[in-house]
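Structural description and commentary
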Amino acid sequence: MDKLIRNKWIYFSLVCLVCGSILLATWMKVQKDRATANILPRSSITAIDFSPQQDTVMLIYPGQVQGKTNDPELAYSSIVTINMKGKVVNERQVHDLHFTNLTLVQKPSTPNVLYASGAGYPNHFHTFDFTKRRFVQHNVTYFKHDPMMESIKHFGPNTWFKTLNSYKTGTQRSSQGTGFSHTFSNFDTKETYETPARFEPCNSMMIELKQHLAYASIGSEDEQGEKAAMIFLDKRTEKPIVYRKKEEPYAYSALYGKDDTAYFASTDGWMIRINEAGEQTERYYPFLQNTNFDSTDPIRMIDATQGIQVAQQFSRDNQNRDRHILVKWSFGQSFSVQKIKPQFWKADKWYKYLYIHPKTKKSYFIEFDPNHSDKGKLLITNQKYELLHEIPVEGPMGIDFVIE
């Protein structure tokens, strides 16, 4: 294993820890400054109609921020309505303990719906319907044990989520101390699959194919343990088919897939296509070296074969700050990836890509400086990623959803 790459991943972990601390401090300050907001006691996010007035935007700061109290009953999320110049029009505090920091997933198969998983290993997830302009909470009730939901990051016609533990035991079953079993579950059909402990899923997407569930597994630091791999889990037998490149990278990420084909990327600059017949094709892109695709938002598909993603690139010398890049993935027979740079993009800023609106095709980005994260910008672009609106916002790292 390349020690330099490993050191960069350690450095990346420290950066995440520092950014998390900055986010918490900034979030607490923002909440303290909002003591006069309209409070909705014991309310539910699902009761809110997200239909802002003309020329306004609603910003959603989800979470269980408790301010000066340790009483979870007083935790709240903030919904802030601003005009197109960033001035606060009104604000509400929603006391919904089930609504926490969100990871958003957008699928081509259900373009009018966003899927949102929260923090804290809950037993539910949310969806947002652009037609109805409301959140819906979906409770997982068919598990024998506490599901401890970890993620809803998936692509495929059905709704899938990943749990932290094994659905069979309710615990993290290990394999000789080298890994832990997780569960992939189909919320629509109630089918559940336990992942082999030797091939523990990483934080990238799970791809639903015709006969397999495709995902990327975590590599072990132990010389005797399994190295990072691309896994096709057979739906019928629950046995894994293991794929790797000839030269082993530090990590793989599952990107996208459809029907019988899944696509992956590796930290050493390769894009990989694998189908259920076992055919594996690899293409090298030097600019993808030392890049992580799992610490940022998942791919936002712009049509059936193309998607845009913010990715995090490590500093090559560990002296400078990691940076964000914007990449365009193309899937299909002539699959490829290219780095793009819209006019609004700044090399010294970081970005959250929230979603693409299914009707207007507008994209919504949050721009911020991780070293000065008390203020940032909401960027709204058209389909060509040309800037339409640049709106100043407070606490940008805490904004997980917006609606215009």
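Residues numbered from 1 in each chain as written. Predicted model: local features only at pLDDT ≥ 70, side-chain atom pairs only at ≥ 80, totals over all residues. Heavy atoms only, no water.

1. Examining the pairing of strand E6 (residues 113-117)
Counting buried residues along E6, five of its five residues qualify, which places the element largely inside the surrounding structure. The alternating pattern of E6 places Val113, Tyr115 and Ser117 on one face and Leu114 and Ala116 on the opposite face, and all of these are buried. The pairing of strand E5 (residues 103-106) with E6 spans four bridges and is antiparallel. Bridge assignment links Thr103 to a residue of E6, and that residue is Ser117. Counted between consecutive antiparallel strands, the loop separating E5 from E6 contains six residues. Bridge count between E6 and strand E7 (residues 124-129): four bridges; the pairing is antiparallel. What sits directly across from Leu114, in E7, is Phe128. (Buried < 20%, exposed > 50% of the residue type's maximum accessible area, 1.4 Å probe, protein only. Helix = DSSP H or I, 4+ residues; strand = E, 2+ residues; numbered from the N terminus. Pairing = 2+ DSSP bridges.)

2. Let's talk about the pattern of salt bridges
Counted by the stated rule, this structure contains 11 salt bridges. A salt bridge links Glu367 to Lys346, with the shortest nitrogen-to-oxygen separation between them at 4.0 Å. Here Lys346 lies in the loop between strand E26 (336-340) and strand E27 (350-356) and Glu367 lies in strand E28 (residues 363-369), a separation of 21 residues in the sequence. Of the charged contacts in the structure, one is a salt bridge between Glu390 and Lys377, with a shortest N-O distance of 3.3 Å. Here Glu390 is found in strand E30 (residues 387-394), whereas its partner Lys377 is found in strand E29 (residues 372-381), with 13 residues between them in sequence. What emerges from the salt-bridge pattern is a single network uniting Arg198, Glu226 and Arg244. (Salt bridge = Lys/Arg side-chain N within 4 Å of Asp/Glu carboxyl O.)

3. Quick word on the environment of Phe314
With respect to the secondary-structure elements, Phe314 resides in the loop between strand E24 (306-313) and strand E25 (323-330). Counting along the chain gives 25 residues from Phe314 to Gln289, while the straight-line C-alpha distance between them is 8.7 Å.

4. Quick word on the nonpolar core
Core analysis: the biggest nonpolar cluster contains 44 residues, and Ile207, Phe232, Leu255, Phe264, Met271, Trp329 and Phe331 have the highest contact counts within it. In contact with Trp329, other than residues within four places in its own chain, are Leu255, Ala265, Met271, Leu288, Phe293, Ile299, Thr305, Gln306, Gly307, Gln309, Ser336 and Val337. Judged by nonpolar contacts, the second largest core, of 36 residues, contains Ile45, Ile82, Trp350 and Tyr364. (Core = buried A, V, L, I, M, F, W, Y, C linked by side-chain atoms within 4.5 Å. Contact = heavy atoms within 4.5 Å.)

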